[in-house]
Amino acid sequence: MIPAPRGGSGRHRPWPLCRQCYGLALDLGGARTRAWTSDRGTILDVPTVTGAGHGEPVPEPGSAGTAGTARMLDRLFGDRPAVAGRPLVIVTAPVLGGVAHRDRARAAVEVLGPRTVLTVPTARAVAVAARADLSRPLLVVDLGARRTEAVLLADGAVADARGAAIGTGDGDGTGRPGALLVDAVTAMVTAMLEEDRTPRTLDALRRGALLAGGGALRPEIPYRLTGRLHAPVSPVPAPHTAAVRGAAELLRAAHTHPSATGAVGAG
């Protein structure tokens, strides 16, 4: 388990005022890439691959997949009409990916000639998609294909985070699907509780944890976590697309009320 530094990450630059600009929200996952564009208003959900027809998996931007991710984005969005202008792009990023992950994601997106590329913590995007009350402590667990992350939000900002290199593609050899994920999340939340000198983690747990990512589609996982954590654990609606939907909400808000995106950063 890898703990994140406690406390917020400071203020971020607001979006530039550009209400009519073309916008793109991205969730660059290890197995799937999901995107929302302001001109179509629909979610694109495709395997994370390189050039057309090759079917070659691309590592996440934080694990040396910058060039492959750039090729994929160029194939998907590079033929956008020039009249659409330079896009505003918002990219979700795991909290524990750090600056390196955000920089690589931003470098990959540069192939689209963006006006601005900003990042938002995946947990924050999930909370926005779930329309959660961010004035209270909130625990968000993202069960991805390659990584699992548990994040405590306080006043909408990251207060603590734990991660493990375990995802939905990992098996445990016991015939119990998701056992490794349940064990990992239980250990992460337990560590949060033990090390928190405030009541925030306990308050968030009593309120109930939100599950997102592909792993949240497995009904046995929230059921087992509820029992292990002795607290309500609920998948958000359409958990596999929650991050990109939250990013899209922030993008829509940015086009009309830039001050509403205070939790979005420039990376």
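Below, the structure is looked at part by part. (Residues numbered from 1 in each chain as written. Predicted model: local features only at pLDDT ≥ 70, side-chain atom pairs only at ≥ 80, totals over all residues. Heavy atoms only, no water.)

Moving on, we come to the overall build of the chain. Looking only at helices and strands, one finds seven helices and eleven strands in the chain. Out of the 267 residues belonging to the chain, those deemed buried represent 50%. Considering only contacts within the chain whose residues lie at least 6 apart along the sequence, 67% involve residues at least 24 apart. Summed over its atoms, the accessible surface of the chain is roughly 11,900 Å², and 53% of this surface lies on carbon and sulfur atoms. (Helix = DSSP H or I, 4+ residues; strand = E, 2+ residues; numbered from the N terminus. Buried < 20%, exposed > 50% of the residue type's maximum accessible area, 1.4 Å probe, protein only. Contact = heavy atoms within 4.5 Å. Areas by Shrake-Rupley, 256 points an atom, 1.4 Å probe, with all protein chains shown as cover.)

Let us now look at the layout of surface pockets. A volume near 490 Å³ is recorded for the second largest pocket. In terms of lining, the second largest pocket is formed by 32 residues, of which the most central are Asp27, Gly29, Asp142, Gly144 and Ala145. Residue assignment for the lining of the second largest pocket shows that the elements contributing at least two residues are strand E2 (23-28), strand E3 (32-37), strand E5 (88-93), helix H2 (98-109), helix H3 (122-129), strand E7 (138-143), strand E8 (148-154) and helix H7 (242-256). A breakdown of the residues in the lining of the second largest pocket according to their chemical character gives 13 nonpolar, eleven polar and eight charged. (1 Å grid on protein atoms, 1.4 Å probe; cavity = no way out; pocket = protein on both sides within 12 Å on 5 of 7 lines; lining within 4 Å. Points joined across faces, edges and corners; volume = space filled by probe spheres on them. Nonpolar A, V, L, I, M, F, W, Y, C, P; charged D, E, K, R; others polar.)

With that settled, consider the nonpolar core. Across soluble globular proteins, nonpolar side chains show a tendency to be buried alongside one another. Ranked by size, the top nonpolar core spans 26 residues in total, and within it Leu139, Leu143, Val185, Leu211, Ile221, Leu225 and Leu229 carry the most contacts. The element that contributes the greatest number of residues to this core is helix H4 (residues 179-195), accounting for seven residues. Residues within four places of Leu139 in sequence aside, it is in contact with Val151, Leu152, Val189, Met192, Ala204, Leu205, Gly208, Ala209 and Leu210. In this structure, Val158, Ala161, Val236 and Ala242 belong to the second largest nonpolar core, which totals 17 residues. (Core = buried A, V, L, I, M, F, W, Y, C linked by side-chain atoms within 4.5 Å.)

Tracing the chain through its elements places Pro237 in the loop between strand E11 (233-235) and H7. Counting along the chain gives 26 residues from Pro237 to Leu211, while the straight-line C-alpha distance between them is 9.4 Å.

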